[in-house]
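# Breakdown of the fold
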Amino acid sequence: MTARESFARLLLAEWTKLRSVSRWVITLLGAVVLTVGLSLLAASGNKTNLNDYADCSDPIVCFVGGPLGEPVADSFYFVHQQVTGDATLTVRVASLRPEPEQRAVRVGSEQMTRLADPSPFAQPAAGIMIKDGTRPGSSYASVMLTAAQGVHMQWDFDGDVQGSASSGTRWLRLVRSGPTITGYESVDGLAWQQIGVATPTSLPSTVEIGFYVSSPAAVYLSRGGGGSSVGEMLTRAQAMFDNVQLGSGGTWHGDSIGTVMSRQNDGASGGGQFTEANGAYTVTGSGTIGPKSPDDDMVSTALVGVIAGLMALIAVGVLYATSEYRRGMIRTTFAATPRRGRVLAAKAIVLGTTSFLVGLVGAVGSFILAIPILREQGFTEPAFPRPSLMDGSVVRALLLTAAFMAGVAVVGLGIGILLRHSAAAITITTVLVLLPLIVGLILPSSSPKWLMYTTLAGGMATQRVKPPTITLAEPWAMIGPWAGIGVVAAWAAVALGLGWWQLRRRDA
Amino acid sequence: MEPTIEVRELCKRYRTTLAVDRLSFTVRAGEVTGFVGPNGAGKSTTMRLILGLDAPDGGQTLVNGRPYRSLRTPLAQVGALLDASAVHPGRRARDHLLWLAYSNGIGKRRVSDVLDQVGLATVARRRAGGFSLGMQQRLGIAAALLGDPPVLMFDEPVNGLDPDGIVWVRGLMKSLAAEGRAVLVSSHLMGELEDTAEHLIVIGRGRLIADTSVDKLLAAASKDRVEVTTRQRAEATTALANAGAKVAVAGAETVVVEGLPGDRVSALLTEAGISFSELRRHRASLEEAYMDLTRGAIEYAPEVEGSAR
């Protein structure tokens, strides 16, 4: 007989151990069922009304579809006229006065604090624009002076180029040549500097051209105690434009874009207004032009059942370790393989891989089954574009969610080796996941972020496809998915490291 | 090289108790070595130390000349049965042997072979949790045989076996030794080893008491005693005691005489007119010899016999 030892054979041995206890196999299948089951249950109880305002009767919660169908905000006060073919518009922004900020407001008994948004799309701005008509969400390109972030050129709700850092008076120019638009700025109207070149998705030969003012609503947040409330208040900015030069000399019209209310009020309030005196135009406007997606994450919502599947995986992970100690089986194991570190590594790899696959099946199953339910309950365009298994962010969320589940199972294994006691190890691992979630729901504002960065609960962040936000009740939305999986990987490494140290140090 | 287990100056301390105290012995190939001592004498601890499961506080153990922990496919070198119940109750017998085989690169065929050999082939697909103690012992023995190793260690292998099983285990041990393997079998009952072991290592309180062949041990324990069967037990006792012998009652009609040669006993009894039906050299049982030895150990006066052979 030829007896050969190799790590691959050790993996096969540990896999045989795992698959040959039918109770564990049933629990692993149960993890899939629990994950998908809870996801479906949660999805069928989850409704959203965010699309009820798609007519922009309330501009603050109005989501419109952008040129590529993505949800955007598109409201501002536009002084414009129609031009056909190539055109050049030059203006001087003489001044821009944003509304003073209120740091906090009190609504009823609730103290709400201002949420700063550093995005260049979320700044009060005065600028010039070429746009495919006045329909909210249509293609555009613009250059603008912002109140705090200098000059920018932007287009189609996601293109952004930083110009100078100037905050004072500035000359701006847009030149259309066929499908391309070039933005310029100048201190004096004589020496011009190019900012950028854009090719908006859809720019017909006849477009609206003009100058505008926008001022994003101030967002106020109160979260903690298990919930989160977000309030938004309209703000207005006022700007003075002069030296307006456009090749053709048509009549300027003022329109509040993306605001039903202002049209009803004839432009006098709500959206904004403009007045002209000796070639100088004073424009007041409010609104935002840029990407605007609800913080609610449809994919994360569809994967909520992961937390149930996780409990089953923790049980298997812990028992896979502690069962070795229950009857002294660990002696048989170490008599067969005296190199204990290799045994632990093989166990971790077998358990991790199995849990990853179980997690992946659970996550993909949840996604496929729960998304259609959510779409029946309001999670539709424009606020919620249909997530697809082909989206990079969805693939990332599903793979990282599976990795999160695998990581937690491996933490269970490590703690099981350390404690040699099933009930204690299962309890501790479960608490490490669940307690920070509960505490994080209760703790106010962004303080739970640190819990997410330090405990296994942070792994829940892997489910999100959207950027981190502190506006949601669920604390795991506060950190990004890579940070989340990093926290879990660190825990797994520490648990295995301590387990390895104990295995070497202690008698079997 | 010849398969062996070597234990040298081995020490193991658990908190305040010294479980193994400078223990040295060698298990040789081709014979069954009994490893005997009262419960708690340190037999199982010594076996765990040999298998590298516990770390010694002093000394070392070698298997086939190498420390166990340095072996890469130990199952092919040493087969061990430590605790027959150390099987996951939810795992089928065959799967238990299968993972062991995989871990040391042993083929699947061998699993079926050892299941046949220990008589578990028909229950191979049953869960070990439903096994009787005897079936568990057989499964443990199958695991020890899996790698066809030249060295075997069995800790109390007949525990829980029925008489058929005991006979089978004894036969197996002897045949394994006859194949040239080194076989170490522990027991707390000397009688269990009576017909099996050829060599004995007796320990008490972690220390070596005797390392000797069974024949020598029995001869020494028998001393120069003579066993007399007579209907006149009382008279015989008095007559022999008066002549300076130590006389012990061994049965209703039997006394054991120590301190007088057989012909002298015969002469004395005839002289006193005491009739006896039988007079023979007393042969001590292994149990008796063991009791003599371990009594000493319990009183902290180990009488160590050199391993002369």
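Analysis parameters
- Residues numbered from 1 in each chain as written.
- Chains lettered and ligands numbered in written order.
- Predicted model: local features only at pLDDT ≥ 70, side-chain atom pairs only at ≥ 80, totals over all residues.
- Heavy atoms only, no water.
- Helix = DSSP H or I, 4+ residues; strand = E, 2+ residues; numbered from the N terminus.
- Contact = heavy atoms within 4.5 Å.
- Areas by Shrake-Rupley, 256 points an atom, 1.4 Å probe, with all protein chains shown as cover.
- Lys, Arg positive; Asp, Glu negative; His and termini not counted.
- Charge placed at Lys NZ, Arg CZ, Asp CG, Glu CD.
- Phe/Tyr/Trp six-rings, centres within 6.5 Å; stacked < 30°, edge-to-face > 60°.
- Lys NZ or Arg CZ within 6 Å of the ring centre and 35° of its normal.
- Core = buried A, V, L, I, M, F, W, Y, C linked by side-chain atoms within 4.5 Å.
- Buried < 20%, exposed > 50% of the residue type's maximum accessible area, 1.4 Å probe, protein only.
- pLDDT = per-residue confidence, 0-100.
- Buried area = accessible area lost by both parts, 1.4 Å probe.
- Salt bridge = Lys/Arg side-chain N within 4 Å of Asp/Glu carboxyl O.
- Polar contact = N/O pair within 3.5 Å; in protein donor to acceptor, adjacent residues only side chain to side chain.
- Nonpolar A, V, L, I, M, F, W, Y, C, P; charged D, E, K, R; others polar.
- Arc of directions from axis to C-beta.

Right, let's get into the overall build of chain A. Helix and strand counts for chain A stand at eleven helices and 21 strands. Overall size of chain A, expressed as C-alpha extent along the three principal axes, is 100 × 55 × 40 Å. Put simply, of all contacts in chain A between residues at least 6 apart along the chain, 73% involve residues at least 24 apart. For chain A, the exposed area adds up to about 20200 Å²; of that, 59% sits on carbon and sulfur atoms. One way to put it: in chain A the 37 positive side-chain charges average out to a point 20 Å from where the 33 negative ones average out.

So, on to the packing of aromatic side chains. Residue and element names in this part refer to chain A. Scanning the model with the defined rule gives twelve aromatic pairs over all chains in all. Taken together, the aromatic side chains of Tyr77, Phe211, Phe241, Trp252, Phe274 and Tyr281 make up a single cluster linked through ring pairs. The cationic tip of Arg505 hangs over the ring face of Trp501; the distance from NZ or CZ to the ring centre is 4.7 Å.

Another aspect to go through is the nonpolar core. In this structure, Phe404(A), Val408(A), Ile5(B) and Leu23(B) are the most contacted members of the largest nonpolar core, which totals 98 residues. Per element, the largest residue contribution to this core is 13 residues, and it comes from helix H8 (residues 392–419) of chain A. In this structure, Ile5(B) is in contact with Phe25(B), Thr26(B), Val27(B), Ile50(B), Leu62(B), Val151(B), Met153(B) and Leu184(B), ignoring residues within four places of it in sequence. In terms of nonpolar packing, the next biggest core, distinct from the first, is built from 60 residues, Leu139(B), Met173(B), Leu193(B) and Tyr290(B) among them.

Right, let's get into the confidence of the model for chain A. Averaged over all residues, the pLDDT of chain A is 91; the fraction at 70 or higher stands at 95%. For the stretch residues 262–269 of chain A, pLDDT sits under 50, and the model shows eight contacts to residues farther than four places along the chain or on other chains.

Taken together, the 33 residues of chain A in the interface contact 40 residues of chain B. Counting the surface lost from both chain A and chain B, the interface buries some 3000 Å², and carbon and sulfur atoms represent 59% of this. Counting across the interface, chain A meets chain B through two salt bridges. A salt bridge links Arg19(A) to Asp95(B), with the shortest nitrogen-to-oxygen separation between them at 3.7 Å. Joining chain A to chain B, the criterion identifies nine residue pairs in polar contact (both at pLDDT 80 or more). Those elements that provide at least two residues to the side of chain A that touches chain B are helix H1 (7–19), helix H2 (22–44), helix H5 (306–326) and helix H6 (329–336) of chain A. Across the side of chain A that touches chain B, the residue classes tally to 13 nonpolar, nine polar and eleven charged.

Residues and elements named next belong to chain B. When pLDDT is averaged along chain B, the result is 88, and 94% of the positions lie at 70 or above. Low pLDDT, under 50, characterises residues 299–309; the stretch is placed with 19 contacts to residues that sit more than four places away or in other chains. Listed scores for the predicted complex are pTM 0.85 and ipTM 0.85.

Further remarks concern helix H8 (residues 262–272) of chain B. Helical periodicity: at 3.6 residues per turn, an α-helix aligns residues three or four positions apart in one direction. Residues and elements named next belong to chain B. Along H8, the residues classified as buried are Val265, Leu268 and Leu269. For H8, the angular spread of the buried residues around the axis is 95 degrees, confining them to a single face. Exposed positions of H8 whose direction lies more than 90 degrees from the buried face are Asp263, Thr270 and Glu271. Along its buried surface, H8 packs onto strand E10 (226–229), helix H7 (233–242), strand E12 (254–258) and strand E13 (278–281). Directly after H8, the chain includes Gly273, whose backbone phi takes a positive value near 75 degrees.

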